[in-house]
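Observations on the model geometry
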Amino acid sequence: MTASSALPMNYWLMKSEPDVYGIADLERDRETIWDGVRNYQARNFLKSMQSGDLAFFYHSNTTPLGIVGLVKIAQSTVIDPTQFDSSSKYYDPKSTLENPRWHTAIVEFVETFPMMLTLDALRQIFTPDELWVVRPGNRLSVMPVPEDVAMRILKKARELG
């Protein structure tokens, strides 16, 4: 593949509860499978990811909420193994090895931001159309981020450092 035919990089936002798996856990582990997503729209976004894409790591269900770091998609279109594990809370009896319903990605640690970009701060900078996470009632755990918005998030995160 030549550089001119390479696919463009995409940007994403991925939420995780820090008491379940936070940015510090990923920094320690360096890489992890992003398993357990059980929303079809979020799953479809995961399936759209490409190796090399970047994602903002967002701490959810905590106080305060916000973006805490950056990860890279190390491997895309991974079949989520938890759907086949009957002891997992993410088990899906309708999934089969021949026809898995849930896909995910493997993410790799890139950096922890010096300070969290809180949801309140994000709401002051971005409209709900620019950054979905600021939409009232948005519960998606994986969502796209337009490139221009991603560049503004990175700039703001580094200004806080």
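Now for a look at the structure at hand. (Residues numbered from 1 in each chain as written. Predicted model: local features only at pLDDT ≥ 70, side-chain atom pairs only at ≥ 80, totals over all residues. Heavy atoms only, no water.)

It is worth spelling out the nonpolar core at this point. The biggest cluster of nonpolar side chains holds 43 residues, and the ones touching the most others in it are Met14 and Phe56. Setting aside anything within four residues of it in sequence, one finds phenylalanine 56 in contact with Trp12, Leu13, Met14, Ile67, Gly69, Leu70, Phe113, Val145, Ala150, Ile153 and Leu154. (Core = buried A, V, L, I, M, F, W, Y, C linked by side-chain atoms within 4.5 Å. Buried < 20%, exposed > 50% of the residue type's maximum accessible area, 1.4 Å probe, protein only. Contact = heavy atoms within 4.5 Å.)

Residues separated by three or four positions in an α-helix point in the same direction, a consequence of the helix having 3.6 residues per turn. With 13 residues, helix H5 (residues 147-159) extends 18 Å from end C-alpha to end C-alpha; this agrees with the ideal 18 Å at 1.5 Å per step. What H5 keeps buried is the set Val149, Ala150, Ile153, Leu154 and Ala157. With its buried residues spanning 140° around the axis, H5 presents them on a single face. Check the buried side of H5 and you find it contacts strand S1 (11-16), strand S3 (54-59), strand S4 (66-79), strand S5 (103-118) and strand S6 (142-145). (Helix = DSSP H or I, 4+ residues; strand = E, 2+ residues; numbered from the N terminus. Expected span 1.5 Å × (residues − 1). Arc of directions from axis to C-beta.)

With that settled, consider the sheet that holds S3. In a beta sheet, neighbouring strands are held together by backbone hydrogen bonds and run either parallel or antiparallel to one another. Strand order in this open sheet of six strands is S2-S5-S4-S3-S1-S6, and the pairing throughout is mixed. The sheet is open, and its two borders are formed by strand S2 (31-33) and S6, each paired with just one other strand. Within this sheet the neighbouring strands show an average axis-to-axis angle of 35°, counted without direction. Pairing between S4 and S5: 10 bridges, direction antiparallel. When the bridges of S5 are listed, isoleucine 67 appears paired with leucine 117. Of the strands in this sheet, S1, S3, S4, S5 and S6 are in contact with H5, which crosses S5 at around 45°. (Pairing = 2+ DSSP bridges. Axes fitted to C-alpha atoms, helices over the stretch in contact; angles between N-to-C directions.)

This part is about the side chain of serine 76. Residue position: serine 76 is located in strand S4. What makes serine 76 buried here is its relative accessible area of 17%. With sequence-adjacent residues up to four places away left out, serine 76 is seen in contact with Met49, Gln50, Ser51, Thr104 and Ala105.

So, on to the packing of aromatic side chains. Going through the model one piece at a time under the given rule, you end up with four aromatic pairs. On the basis of an interplanar angle of 50° and a centroid distance of 6.1 Å, the ring pair of tryptophan 12 and phenylalanine 45 is categorised as tilted. Residue tryptophan 12 is found in strand S1, and its partner phenylalanine 45 is found in helix H3 (residues 40-48); the two are separated by 33 residues along the sequence. Like phenylalanine 45, tryptophan 12 is buried. When the ring of phenylalanine 45 is compared with that of tryptophan 132, the centres are 5.7 Å apart and the planes differ by 55°; the resulting orientation is tilted. Of this pair, phenylalanine 45 sits in helix H3 while tryptophan 132 sits in the loop between helix H4 (119-125) and S6, and the two are 87 residues apart along the sequence. A network of ring pairs unites the aromatic residues Trp12, Phe45 and Trp132 as a single cluster. (Phe/Tyr/Trp six-rings, centres within 6.5 Å; stacked < 30°, edge-to-face > 60°.)

Taken together, the buried positions of H3 are Ala42, Arg43, Phe45 and Leu46. Buried residues in H3, looked at end-on, bunch into an arc of 160°, giving them a common side. Buried residues along H3 sit in contact with S1, S5 and S6. Taking the backbone nitrogen of glutamine 41 as reference, a side-chain oxygen 2.9 Å away marks asparagine 39 as the first, capping residue of H3. (Polar contact = N/O pair within 3.5 Å; in protein donor to acceptor, adjacent residues only side chain to side chain.)

Another aspect to go through is the pattern of salt bridges. Evaluation of the coordinates by the stated rule reveals 11 salt bridges. Residues aspartate 92 and arginine 101 are paired through a salt bridge, measuring 3.4 Å at the closest nitrogen-oxygen approach. A network of salt bridges, in which partner residues are shared, links Asp25, Arg28 and Asp29. (Salt bridge = Lys/Arg side-chain N within 4 Å of Asp/Glu carboxyl O.)

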